Amino acid sequence: MTERRCAGCWQIKDRKDLIKITNAAGTPVVNPNSTTFGRSVYLCYNKSCIDAAFKKNKIEKFLKTSVPSELKGQLLDELRNS
Ligand SMILES: [Zn+2]
(Lines give C-alpha, C1' and ligand atoms only; values in the text may rest on other atoms or scores of the structure.)
Protein backbone atom coordinates (compact mmCIF):
# COMPACT_ATOMS: atom_id res chain seq x y z
CA MET A 1 0.00 0.00 0.00
CA THR A 2 1.33 3.40 -1.00
CA GLU A 3 0.53 6.12 1.49
CA ARG A 4 0.51 9.83 0.81
CA ARG A 5 -0.31 12.87 2.90
CA CYS A 6 -3.19 15.18 1.99
CA ALA A 7 -2.03 18.80 1.64
CA GLY A 8 -5.38 20.02 2.98
CA CYS A 9 -6.02 18.10 6.21
CA TRP A 10 -2.50 16.61 6.53
CA GLN A 11 -3.82 13.09 7.14
CA ILE A 12 -2.02 10.10 5.66
CA LYS A 13 -4.20 8.01 3.36
CA ASP A 14 -3.89 5.31 0.73
CA ARG A 15 -2.76 6.78 -2.60
CA LYS A 16 -5.94 5.54 -4.34
CA ASP A 17 -8.08 7.58 -1.94
CA LEU A 18 -6.39 10.83 -2.90
CA ILE A 19 -6.48 13.18 -5.89
CA LYS A 20 -2.99 13.57 -7.37
CA ILE A 21 -1.85 16.86 -8.89
CA THR A 22 1.44 16.74 -10.78
CA ASN A 23 3.57 19.61 -12.05
CA ALA A 24 3.99 18.52 -15.68
CA ALA A 25 6.64 20.92 -17.04
CA GLY A 26 5.08 23.88 -15.21
CA THR A 27 1.42 22.96 -15.73
CA PRO A 28 -0.52 21.34 -12.88
CA VAL A 29 -2.29 18.20 -14.13
CA VAL A 30 -5.07 16.55 -12.11
CA ASN A 31 -4.80 12.76 -11.80
CA PRO A 32 -2.26 12.43 -14.63
CA ASN A 33 -1.58 9.13 -16.36
CA SER A 34 1.44 7.08 -15.39
CA THR A 35 3.67 8.65 -18.05
CA THR A 36 3.51 12.10 -16.42
CA PHE A 37 6.35 12.74 -14.02
CA GLY A 38 7.04 15.69 -11.81
CA ARG A 39 6.57 17.12 -8.35
CA SER A 40 3.19 16.01 -7.03
CA VAL A 41 0.77 16.98 -4.31
CA TYR A 42 -2.16 14.96 -2.99
CA LEU A 43 -5.62 15.92 -1.71
CA CYS A 44 -8.56 13.97 -0.30
CA TYR A 45 -11.73 13.65 -2.38
CA ASN A 46 -13.21 16.23 -0.06
CA LYS A 47 -14.17 19.85 -0.75
CA SER A 48 -12.89 21.10 2.59
CA CYS A 49 -9.39 19.75 1.82
CA ILE A 50 -9.41 21.40 -1.62
CA ASP A 51 -10.57 24.69 -0.07
CA ALA A 52 -7.90 24.49 2.62
CA ALA A 53 -5.14 23.81 0.12
CA PHE A 54 -6.18 26.76 -2.06
CA LYS A 55 -6.61 29.10 0.89
CA LYS A 56 -3.03 28.55 1.98
CA ASN A 57 -1.59 28.31 -1.55
CA LYS A 58 -0.35 24.85 -0.65
CA ILE A 59 -0.60 23.52 -4.20
CA GLU A 60 1.64 26.29 -5.54
CA LYS A 61 4.11 25.75 -2.72
CA PHE A 62 4.29 21.98 -3.18
CA LEU A 63 4.47 22.04 -6.96
CA LYS A 64 6.68 25.13 -7.11
CA THR A 65 4.69 26.51 -10.02
CA SER A 66 1.81 28.93 -10.45
CA VAL A 67 -1.65 27.38 -10.26
CA PRO A 68 -4.33 28.60 -12.72
CA SER A 69 -7.70 29.49 -11.20
CA GLU A 70 -9.36 26.79 -13.38
CA LEU A 71 -7.54 24.12 -11.39
CA LYS A 72 -10.00 24.40 -8.52
CA GLY A 73 -12.88 23.70 -10.91
CA GLN A 74 -11.02 20.69 -12.28
CA LEU A 75 -10.58 19.34 -8.76
CA LEU A 76 -14.26 19.83 -7.95
CA ASP A 77 -15.07 17.95 -11.18
CA GLU A 78 -12.95 15.06 -9.89
CA LEU A 79 -15.11 15.01 -6.73
CA ARG A 80 -18.28 14.85 -8.80
CA ASN A 81 -16.90 12.10 -11.02
CA SER A 82 -15.51 9.98 -8.18
ZN1 LIG B 1 -7.55 15.81 3.32
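Just so you know, these numbers come straight off a predicted model, no measurement behind them. (Residues numbered from 1 in each chain as written. Predicted model: local features only at pLDDT ≥ 70, side-chain atom pairs only at ≥ 80, totals over all residues.)

**Notes on the environment of tyrosine 45**
Then, in step 1: Tracing the sequence through the fold places tyrosine 45 in the loop between β5 (40-44) and α1 (47-55).
Then, in step 2: Here tyrosine 45 falls in the partly exposed class, since 17 other C-beta atoms lie within 10 Å of it.
Then, in step 3: Expressed as a C-alpha distance, the spacing of tyrosine 45 and isoleucine 19, which sit 26 residues apart in the sequence, is 6.3 Å.
Then, in step 4: In this view, tyrosine 45 contacts Ile19, Leu79 and Ser82; residues no more than four positions away in its chain are not counted. (Helix = DSSP H or I, 4+ residues; strand = E, 2+ residues; numbered from the N terminus. Buried ≥ 20, exposed ≤ 12 C-beta atoms within 10 Å, placed from the backbone. Contact = placed C-beta atoms within 7 Å.)

**What about the sheet that holds strand β3 (residues 18-24)?**
Then, in step 1: What the 3 strands build is an open sheet, ordered β4-β3-β5; its pairing is antiparallel. Each having just a single partner strand, β4 (27-30) and β5 make up the two edges of the open sheet. When the angles between neighbouring strand axes are averaged without regard to direction, this sheet yields 25°.
Then, in step 2: In this fold helix α3 (residues 70-81) packs onto β3, β4 and β5, with an angle of close to 10° to the strand it touches most, β4. (Pairing = 2+ DSSP bridges. Axes fitted to C-alpha atoms, helices over the stretch in contact; angles between N-to-C directions.)

**Focus on the nonpolar core**
Then, in step 1: Ranked by size, the top nonpolar core spans 16 residues in total, and within it Cys6, Ala7, Tyr42, Leu43 and Ile59 carry the most contacts.
Then, in step 2: Listing elements by their share of this core, those giving two or more residues are β3, β5, α1 and α2 (58-63).
Then, in step 3: Among the elements that make up this core, the one with the highest residue count is β5 (4 residues). (Core = buried A, V, L, I, M, F, W, Y, C linked by C-beta atoms within 7 Å.)

**Considerations on the packing of α1 against α3**
Then, in step 1: With their axes 10 Å apart at the nearest point, α1 and α3 run at an angle of 165° to one another. Taken as axis vectors, α1 and α3 run roughly antiparallel relative to one another. Judged by the sense of rotation from one axis to the other, the crossing of α1 with α3 is right-handed. Across from Lys47, Ile50 and Phe54 in α1, the residues of α3 making contact are Lys72, Leu75, Leu76 and Leu79. (Parallel < 35°, antiparallel > 145°, perpendicular 65-115°, else oblique. Left-handed = near helix turned anticlockwise from the far one by under 90°.)

Remember, this is a structural readout, not a statement about activity or role.
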